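# Structural overview
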Amino acid sequence: RERPVRLLPLLFFLKKFSVSPFLVSIVLALHSLSLGLPLLIKAKIIKNFHKKFFLFGTIVEGITISLTVFMPNFILSCVMFLLHDFFGASLWQPIYNSYIQKFSRETKRGKDTSIVFAYKSIGKILSPILAGYLASFNINYPFFFSGLVIIFAFIPILTLPELNPNETK
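Described in the following lines is the structure provided in the data block. Since the structure is predicted, the reported quantities are computational estimates derived from the model, not experimental observations.

### Notes on the side chain of Thr 68
Mapped onto the elements of the fold, Thr 68 is located in the loop between helix 3 (50-67) and helix 4 (74-103). Judged by relative accessible area, which is 0%, Thr 68 ranks as buried. Excluding anything up to four places from it in sequence, Thr 68 contacts Phe 12, Ser 77, Met 80, Phe 81 and Phe 143.

### Quick notes on the environment of Phe 17
Within the element layout of this structure, Phe 17 appears in helix 1 (residues 7-17). Phe 17 has contacts with Phe 12, Met 71, Pro 72, Asn 73, Phe 74 and Ser 77, leaving out every residue within four places of it along the chain.

### Details of a nonpolar patch on the surface
Taken together, the side chains of Phe 22, Leu 23, Ile 26, Leu 30, Leu 33, Leu 37, Leu 40 and Ile 41 define a hydrophobic patch exposed on the protein surface, amounting to about 770 Å² of accessible area. Mapped onto the elements of the fold, Leu 23 is located in helix 2 (residues 21-45). The class for Leu 23 is partly exposed, based on a relative accessible area of 36%.

### A closer look at the packing of helix 3 against helix 6 (residues 141-151)
Where helix 3 meets helix 6, the axes come as close as 7 Å, and the angle between the chain directions of the two elements is 165 degrees. Regarding the angle of helix 3 to helix 6, the classification is roughly antiparallel. The way helix 3 lies across helix 6 gives a crossing that is left-handed. Seen from helix 3, the contacting residues are Thr 58, Ile 59, Glu 61, Gly 62, Ile 63, Ile 65 and Ser 66; seen from helix 6, they are Phe 143, Phe 144, Ser 146, Gly 147, Leu 148, Ile 150 and Ile 151. Taken together, the residues of the contact of helix 3 with helix 6 sort by class into 8 nonpolar, 5 polar and 1 charged.

### Considerations on the nonpolar core
Ranked by internal contacts, the top residues of the largest apolar core, which has 18 residues, are Phe 12, Phe 13, Phe 74 and Phe 143. Dropping the residues within four chain positions of it, Phe 13 is found in contact with Ser 18, Val 19, Val 24, Val 27, Phe 74, Ser 77, Cys 78 and Phe 81. One finds Trp 92, Tyr 96, Tyr 99 and Ile 157 within the second-largest nonpolar core, a separate group that totals 10 residues.

### A short note on the packing of helix 1 against helix 4
Relative to each other, helix 1 and helix 4 sit at 160 degrees, their axes nearing to 11 Å. Of the possible angle classes, the one that applies to helix 1 and helix 4 is roughly antiparallel. The chirality of how helix 1 crosses helix 4 is right-handed. In contact with Pro 9, Phe 12, Phe 13 and Phe 17 of helix 1, helix 4 contributes Phe 74, Ser 77, Cys 78 and Phe 81. Counted by class, the contact of helix 1 with helix 4 contains 7 nonpolar, 1 polar and no charged residues.

Rules behind the numbers
Residues numbered from 1 in each chain as written. Predicted model: local features only at pLDDT ≥ 70, side-chain atom pairs only at ≥ 80, totals over all residues. Heavy atoms only, no water. Helix = DSSP H or I, 4+ residues; strand = E, 2+ residues; numbered from the N terminus. Buried < 20%, exposed > 50% of the residue type's maximum accessible area, 1.4 Å probe, protein only. Contact = heavy atoms within 4.5 Å. Patch = residues over 30% accessible without salt bridge, like charges linked within 9 Å, V, L, I, M, F, W, Y side chains within 5 Å. Areas by Shrake-Rupley, 256 points an atom, 1.4 Å probe, with all protein chains shown as cover. Salt bridge = Lys/Arg side-chain N within 4 Å of Asp/Glu carboxyl O. Axes fitted to C-alpha atoms, helices over the stretch in contact; angles between N-to-C directions. Parallel < 35°, antiparallel > 145°, perpendicular 65-115°, else oblique. Left-handed = near helix turned anticlockwise from the far one by under 90°. Nonpolar A, V, L, I, M, F, W, Y, C, P; charged D, E, K, R; others polar. Core = buried A, V, L, I, M, F, W, Y, C linked by side-chain atoms within 4.5 Å.

Written out as structure tokens, the structure is:
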């Protein structure tokens, strides 16, 4: 589940709100902060209820991304956009990495992890193409449908076992 990380917000904010590239660059810098800083804190806080946080973070991220398109002005749209990492990805990303480590074979952890990231990169290849196609119809569509895809990512998460934070592999 990947989306075009830098290109889509840049095009969206420039085209929808006709703001300067400098303003959008500030939003993109804040975007990095809205994920990075909470990750430093939340990765240490989340010790239990991994699956619940994984589900919650994924659904919140999808909802806030989709809601970005319905905000009536640039500021509100930016705030909604920034919330997707602050309350979404910063919750699920450490847990996602924990699941990768949990299910990687101990003697082949590097290989297994690399395979997961190789499959994940398929989304990084296809999502900009799909986003560009959808944007040709309406600049809101890439954000809205990206959010929906993320929301529905909760379905495979339901099949995961709960992680035991005290268990070492």
